[in-house]
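# Structural features, examined
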Amino acid sequence: MKMMERSKKSAIPNYMAVMANQQLSRCKIASMMAVEDSDEDDVIWAEHEILRKDFNKFYEENSQLNKITANKEFNTVLDALKINSTQINNYKPSFSYLDLKVKLAERVSRYCHFCEKACGVDRRYEKGGCGVGDPLIASEFLHVGEEPPLVPSHTVFFAGCNFNCVYCQNWDISQQPNRGIPISEENLALIVGKRRSEGSRNVNFVGGDPTPNLPYVIRTMQLVKENIPVVWNSNLYLSLDAMHILDGFADLYLTDFKYGNNECAQRLSGIPDYLGVVGRNHQMAWKAGDMIIRHLVLPNHMECCSKPILNWISENLGLEVVLNIMGQYRPVYHASDYGEISRHLLQSELGEVIQHAQ
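Within each chain, residue numbers correspond to sequence positions counted from 1 in written order. With the structure being a predicted model, the display of local features is reserved for residues of pLDDT at least 70 and the display and counting of side-chain atom pairs for 80 or more, all residues being used for whole-chain, interface and lining totals. Heavy atoms throughout the structure, all of them, feed into the side-chain values; hydrogens and water do not.

## Some remarks on the packing of helix α13 (residues 302–316) against helix α14 (residues 347–357)
- Running from N to C, α13 and α14 point in directions that differ by 25°, and their axes come no closer than 9 Å. Accordingly, the angle class assigned to the pair α13 and α14 is roughly parallel. Regarding α13 and α14, the two cross each other, and that crossing is right-handed. Contacts between α13 and α14 involve Met302, Glu303, Ser306, Lys307, Leu310 and Asn311 from the former and Glu349, Glu352, Val353, His356 and Ala357 from the latter. Fitting a line to C-alpha atoms yields each axis, with helices limited to the stretch in contact; the angle taken between N-to-C directions then spans 0 to 180 degrees. The helix count covers DSSP runs of H or I at least four residues long, the strand count covers runs of E at least two residues long, and both are numbered beginning at the N terminus. Roughly parallel here means an angle under 35 degrees, roughly antiparallel means over 145, roughly perpendicular means 65 to 115, and every remaining angle is called oblique. Put simply, a crossing is left-handed when the front helix is turned counterclockwise from the back one by less than a right angle, and right-handed when it is turned clockwise. Throughout, a residue-residue contact means that at least one pair of heavy atoms, one from each residue, lies within 4.5 Å.

## Examining the pairing of strand β7 (residues 290–296)
- For the exposure calls, accessible area comes from a 1.4 Å probe over protein chains only, and a residue counts as buried if that area is under 20% of its type's maximum, exposed if over 50%, partly exposed in between. The element β7 is extensively covered by neighbouring structure, given that seven of its seven residues are classed as buried.
- Residues Asp290, Ile292, Arg294 and Leu296 of β7 are buried on one face, and the alternating residues Met291, Ile293 and His295, pointing to the opposite face, are buried as well.
- Where β7 lies against strand β8 (residues 322–326), five bridges are found, and the strand directions are parallel. By the bridge assignment, His295 is partnered in β8 with Ile325.
- Classification remark: right-handed applies to a crossover when, strands pointing away from the viewer, the course from the first strand over the helix to the second runs clockwise. Crossover handedness for the path β7 to α13 to β8: right-handed. Strand pairing is defined by DSSP finding a minimum of two bridges between the two strands.

## Notes on the packing of helix α8 (residues 185–197) against helix α9 (residues 214–223)
- Between α8 and α9, the shortest axis-to-axis distance is 8 Å and the interhelical angle comes to 60°. As judged from the angle between their axes, α8 and α9 are oblique. Helix-helix and strand crossings are classified by hand; for α8 and α9 the assignment is right-handed. Here α8 contributes Glu185, Glu186, Leu188 and Ala189 to the contact with α9, which in turn contributes Tyr216, Arg219, Thr220 and Leu223.
- Under the convention adopted here, Pro, Cys and the residues Ala, Val, Leu, Ile, Met, Phe, Trp and Tyr are nonpolar, Asp, Glu, Lys and Arg are charged, and Gly plus all remaining residues are polar. Broken down by class, the residue content of the contact of α8 with α9 amounts to four nonpolar, one polar and three charged.

## Some thoughts on unusual backbone geometry
- Of note, the bond from Val151 into Pro152 is cis; its omega dihedral lies within 30 degrees of zero at -5°.
- By secondary structure assignment, the location of Pro152 is in the loop between β2 (137–143) and β3 (153–158).
- In this chain, Gly207 is followed by Gly208 through a cis amide linkage whose omega measures 20°.
- Within the secondary structure, Gly208 is located in the loop between β4 (203–206) and α9.
- In this structure, Leu236 takes a positive phi of about 65° despite not being glycine.
- The topology assignment puts Leu236 in the loop between β5 (230–234) and α10 (240–246).
- What makes Leu236 buried here is its relative accessible area of 0%.

## Quick word on the pattern of salt bridges
- Salt bridges are identified by distance alone: a Lys or Arg side-chain nitrogen within 4 Å of an Asp or Glu carboxyl oxygen. If you walk through the whole model with that rule in mind, you get 20 salt bridges.
- Put simply, Asp37 and Lys103 hold a salt bridge, and the shortest N to O gap is 2.7 Å. Residue Asp37 is found in the loop between α3 (26–32) and α4 (41–62), and its partner Lys103 is found in helix α6 (residues 97–110); the two are separated by 66 residues along the sequence.
- Given a relative accessible area of 44%, Asp37 falls into the partly exposed group.
- Since its relative accessible area comes to 14%, Lys103 is described here as buried.
- Ionic pairing is found between Glu116 and Arg280, a salt bridge with its closest N-O pair at 2.9 Å. Residue Glu116 is located in the loop between α6 and β2, and its partner Arg280 is located in helix α12 (residues 274–288); the two are separated by 164 residues in the primary sequence.
- Residue Glu116 is classed as partly exposed on the basis of its relative accessible area of 29%.
- Through salt bridges with shared partners, a single ionic network connects Glu140, Lys194, Arg195 and Glu198.

## What about the environment of Met326?
- Note on placement: Met326 falls in strand β8.
- Separated by 27 residues in the primary sequence, Met326 and Val353 have C-alpha atoms spaced 9.9 Å apart.

## Some words on α12
- One less than the number of residues in a helix, times 1.5 Å, gives the span that helix is expected to have. Look at α12: 21 Å from first C-alpha to last across 15 residues, which is about the 21 Å you get at 1.5 Å a residue.
- Taken as a whole, α12 has its buried residues at Tyr274, Val277, Val278, Gly279, Asn281, His282, Ala285 and Ala288.
- Buried positions along α12 lie against α3, α10, β6 (252–256), α11 (262–269), β7 and α13.

## With respect to the pairing of β6
- Counting buried positions along β6 yields five of five residues, so the element is predominantly enclosed.
- Side chains Leu252, Leu254 and Asp256 of β6 all project onto a buried face; the interleaved residues Tyr253 and Thr255 project onto the opposite face, where all are buried too.
- Alignment of β5 against β6, held across four bridges, turns out to be parallel. Counterpart to Trp232 in the pairing with β6 is Tyr253.
- In the classification by handedness, the crossover that spans β5, the intervening α10 and the parallel β6 is right-handed.
- Of the strand pairs in this sheet, β6 and β7 are connected by five bridges, and their pairing is parallel.

## Points about the nonpolar core
- Definition of nonpolar core: a set of buried residues of the types Ala, Val, Leu, Ile, Met, Phe, Trp, Tyr and Cys, connected through side-chain atoms within 4.5 Å. Counting 93 residues, the largest nonpolar core has Tyr167, Phe205, Met221, Trp232, Phe249, Tyr259 and Ile313 as its most contacted members.
- Per-element tally for this core: the top contributor is α6, with seven residues.
- If we ignore the near neighbours within four places in the chain, the residues touching Tyr167 are Lys258, Tyr259, Leu268, Ser269, Leu296, Leu298, Tyr329, Arg330, Val332, Ala335 and Ile341.
- Of all hydrophobic cores here, the second largest spans ten residues; its members include Tyr15, Met19, Val231 and Ile292.

Next up, the structure:
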């Protein structure tokens, strides 16, 4: 991994503060915000959009104020939310902003469009076009192989993915959606708390991809008592509705930016309109939380993918983005059937991409 950034602390400040338990996570604040409930879709989406904008403004304005002091916890935020500090672990309104997100996520699952493939199946009774049915977890553990600001990271690997990458480095999980075990939200919440006590800096939802399991993820975090940053580790091929639900929930977006054009995305991952969707979502995520962008360099894809991606980032997100240029590509899964990616990455290719980034 080659990390390139101005300053990790200044580039991902809110994540770092929540990680150190010096600031409330977005999820924790969302669980404390009382909102009106309704059964009408138009009403709850409209309410959510108003709250989403208010939430982001509130969080931004208070990001340097809602620190834990030496003797009192979360005073500034709790005062603003009309919550006494002694109620921090027990306070829950009858219906919260986080509850609203769960309700909306469950509505989306009835005509599934969590990702832009929008297969439209009722996920309560059918598997999605991605092959994912009920959430199955392939593994969960304290991971020390992630980026330095994240480790040790409590990674929760879901089976299944909405991409079909022919070279997937994690294909045994991503391309086999039945390869996992069911864990109830209650039990996973207890595991998240246990891992936090063991030293985890975050809870990191990944796969495969976590996108098909969005309602399960939010329901789990409803039950987590600890203040812990949520990392959304994803290819970011989400629908607008899913991105809006994540806004105010995820503390850090750990994204996988793969392609610099739509043709490579369609041929190697079976994904249409890749750059339009993923580009839009990176811009939204950049405004919604902290971000680390990963880019796995593919052999012979420097000019068509790596360099255009770096140009896009600098032009659309600026120079403060934390970027991880990864050179650990291996020709696994079906990569041998695609000539240009059927070999290992050359060090000269990785160096060329790093030089372009610099």
